[in-house]
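# Chains, contacts and geometry: an overview
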Amino acid sequence: MRFADQAIVITGASTGIGRATALAFGREGASVMIGDIDDGANDTVAEIRKAGGKAEFRHCDVARGADCDALVAACLDSFGRLDSGFNNAGVFPRDLLPIHEMSDEEFDRIMAVNVKGVFNAMRAELRHFRQVGKGSVVNTASVGATIADPLMSAYSASKHAVLGLTRAGGLENGPHNIRVNAIGPGMVRTAMTAKWLEDPELAEAARHATVIGRPAEPEEIAEVVLFLSSDAASYMNGQIYLIDGGLTAR
Ligand SMILES: NC(=O)c1ccc[n+]([C@@H]2O[C@H](COP(=O)([O-])OP(=O)(O)OC[C@H]3O[C@@H](n4cnc5c(N)ncnc54)[C@H](O)[C@@H]3O)[C@@H](O)[C@H]2O)c1
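Criteria and thresholds
Once a new chain begins, its residue numbering starts again from 1 and follows that chain's sequence as written. Totals for whole chains, interfaces and linings use every residue, but because this is a predicted model, local features are given only for residues with pLDDT of at least 70 and side-chain atom pairs only at 80 or more, for both listing and counting. With hydrogens and water excluded, all non-hydrogen atoms of the structure serve as input to the side-chain values. A molecule or strand has a residue near it when one of that residue's heavy atoms lies within 4 Å. Polar contact is defined as a pair of N or O atoms within 3.5 Å, subject to the rule that within protein one atom must be able to donate a hydrogen and the other to accept it, and that residues adjacent in sequence are counted only when both atoms are side-chain atoms. Method for areas: the Shrake-Rupley scheme with a 1.4 Å probe, in which residue coverage is limited to the protein chains shown. Numbering of helices and strands runs from the N terminus; a helix is a DSSP stretch of H or I covering at least four residues, while a strand is a stretch of E covering at least two. Under the scheme applied, nonpolar residues are Ala, Val, Leu, Ile, Met, Phe, Trp, Tyr, Cys and Pro; charged residues are Asp, Glu, Lys and Arg; polar residues are all the others, including Gly. Burial classification: accessible surface area is computed with a 1.4 Å probe over protein chains only, and a residue below 20% of its type maximum counts as buried, one above 50% as exposed, and the rest as partly exposed. Think of the arc as the fan of directions from the helix axis to the C-beta atoms. Note on definitions: a residue-residue contact is assigned when non-hydrogen atoms from the two residues lie within 4.5 Å. Pairing between two strands requires that DSSP report at least two bridges joining them. Between the N-to-C directions of two axes lies an angle of 0 to 180 degrees, each axis being a line fitted to C-alpha atoms and, for a helix, fitted only over the stretch in contact. By nonpolar core is meant a set of buried Ala, Val, Leu, Ile, Met, Phe, Trp, Tyr and Cys residues that side-chain atoms within 4.5 Å join together. Charge counting follows a simple rule: Lys and Arg are positive, Asp and Glu are negative, and His as well as the terminal groups are ignored. Just to be clear on terms, a salt bridge is a Lys or Arg side-chain nitrogen sitting within 4 Å of an Asp or Glu carboxyl oxygen.

### Looking at the site of the ligand
Neighbouring residues of the ligand: 30 residues in total, closest Ser14, Thr15, Asp36, Tyr155 and Thr190. In this structure, an oxygen atom belonging to the ligand sits 2.6 Å away from a side-chain N or O atom of Asp36. Within the complex, the protein chains bury 92% of what would otherwise be the 830 Å² of accessible surface of the ligand. Residue assignment for the shell around the ligand shows that the elements contributing at least two residues are helix H1 (16-27) and helix H5 (153-173). When its residues are assigned to classes, the shell around the ligand shows 15 nonpolar, 11 polar and 4 charged.

Printed below as a string of structure tokens:
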């Protein structure tokens, strides 16, 4: 029970990495406040409660600052505290396109959720952490924060921006007993990558790229988030931790 008596805000936990991490936090004793645009997050809450844990879901579009402020306020109202934030909500490109074929609308959609969404959630959490003098933030970036993929320019730019927010957040808050880190997953088996992993040709290319020979399961990402959010990671700040099976080691 590494997080007994603690409360965590998680964005984007109806499916995938966020859901697996919410369940893991719940198992470790944390009270979990989920913010998502998808009501499927109610299932995550139900599963945490079924296992004896505490969880709530609040509708939250991370692209809206007021929604993120209300999410943190709801966590404080429901659980009386906030110890960690896991800012994980994100969107993937609708189509793989070169820059010269991308629309304004698609670029703006990706930036609004992946960059402004992380900023909005961090800001709300950090305002509370500054008041109480402690806390941990983990942002979901990607290997796409350190390398680029062709045909995914906006996604890659958005994840590079998450790394910038993480580094700046770490520098600003480290002196105040607050740590800010990012995770950089490689290929993870979730709804986001299902389209790729179901296509035999793309799945084979992905299998080769992963080095380990398979995509990660969301639970393998969750473990790292829990570690980074725990006191065991007390000297880890302002960094990205890649969980990519060796994909970027080439
Ligand atoms: N799957 C991968 O291979 C992979 C690799 C690297 C990084 N990531 C990142 O991991 C994070 C989680 O992705 P996933 O793979 O679990 O995908 P997913 O699609 O299963 O989960 C994304 C979650 O974010 C929520 N969401 C989307 N837009 C939102 C918004 N505006 N406000 C609130 N919630 C919103 C969705 O409802 C969902 O619960 C994303 O930031 C993604 O970019 C995924």
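Let us keep going from here.
### Some remarks on helix H7 (residues 200-209)
Structurally, the α-helix is built with 3.6 residues per turn, so residues lying three or four positions apart point the same way. Taking the backbone nitrogen of Glu201 as reference, a side-chain oxygen 2.9 Å away marks Asp199 as the first, capping residue of H7. Immediately downstream of H7, the backbone of Val211 shows phi near 70°, a positive value.

### Side note on helix H2 (residues 41-50)
Within H2, the full set of buried residues consists of Ala41, Thr44, Val45 and Ile48. One side of H2 carries all its buried residues, which in axial view fall inside an arc of 100°. Pointing more than 90 degrees away from the buried face of H2 are the exposed residues Asp43 and Lys50. On its buried side, H2 packs onto H1, strand S2 (31-36) and strand S3 (54-59). Following H2 by one or two positions, Gly52 has its phi on the positive side, about 95°.

### Thoughts on the environment of Asn139
Mapping Asn139 onto the fold places it in strand S5 (residues 135-140). We classify Asn139 as buried; its relative accessible area is 0%. When the C-alpha atoms of Asn139 and Ala205 are compared, they prove to be 27 Å apart, with 66 residues separating the residues in sequence. In this view, Asn139 contacts Asn87, Val118, Met122, Val162, Thr166, Val180, Asn181, Ala182 and Ile183; residues no more than four positions away in its chain are not counted. A distance of 3.0 Å separates a polar atom in the side chain of Asn139 from a polar atom in the side chain of Asn87.

### Let's talk about the sheet that holds S2
What the 7 strands build is an open sheet, ordered S3-S2-S1-S4-S5-S6-S7; its pairing is parallel. Among the strands making up the open sheet, the edge pair consists of S3 and strand S7 (240-243). The sheet shows a mean angle of 20° between the axes of neighbouring strands, taken without regard to direction. Lying on the sheet, H1 is in contact with strand S1 (7-11), S2, strand S4 (84-87) and strand S6 (178-185); it crosses S1 at an angle near 170°. Contacting S1, S2 and S3, helix H3 (residues 65-79) crosses the sheet at an angle of about 155° to S2.

### Comments concerning the nonpolar core
Of all hydrophobic cores here, the largest spans 32 residues; its most connected members are Met33, Cys75 and Leu126. Mapped by element, the contributors of at least two residues to this core are S1, H3, helix H4 (104-132), H5 and S6. Of the residues forming this core, the biggest block, 8 residues, is contributed by H4. Each residue touching Cys75, except ones within four places of it in the same chain, is listed here: Ala7, Val9, Met33, Gly80, Arg81 and Leu82. Counting residues in each nonpolar core, the second largest holds 29 residues, with Phe3, Val188, Ala216 and Ile243 among its members.

### A look at the side chain of Glu125
Assignment of secondary structure puts Glu125 in helix H4. Arg123 is the oppositely charged side chain nearest to the buried, salt-bridge-free Glu125, at an N-O distance of 11 Å. In terms of polar contacts, Glu125 uses its side chain to reach the side chain of Asn87, at 2.9 Å. When sequence neighbours within four positions are dropped, the list of residues in contact with Glu125 reads Val9, Val72, Leu82, Gly85, Phe86, Asn87 and Val137.

Everything listed here is a matter of geometry and, on its own, says nothing about what the molecule does.
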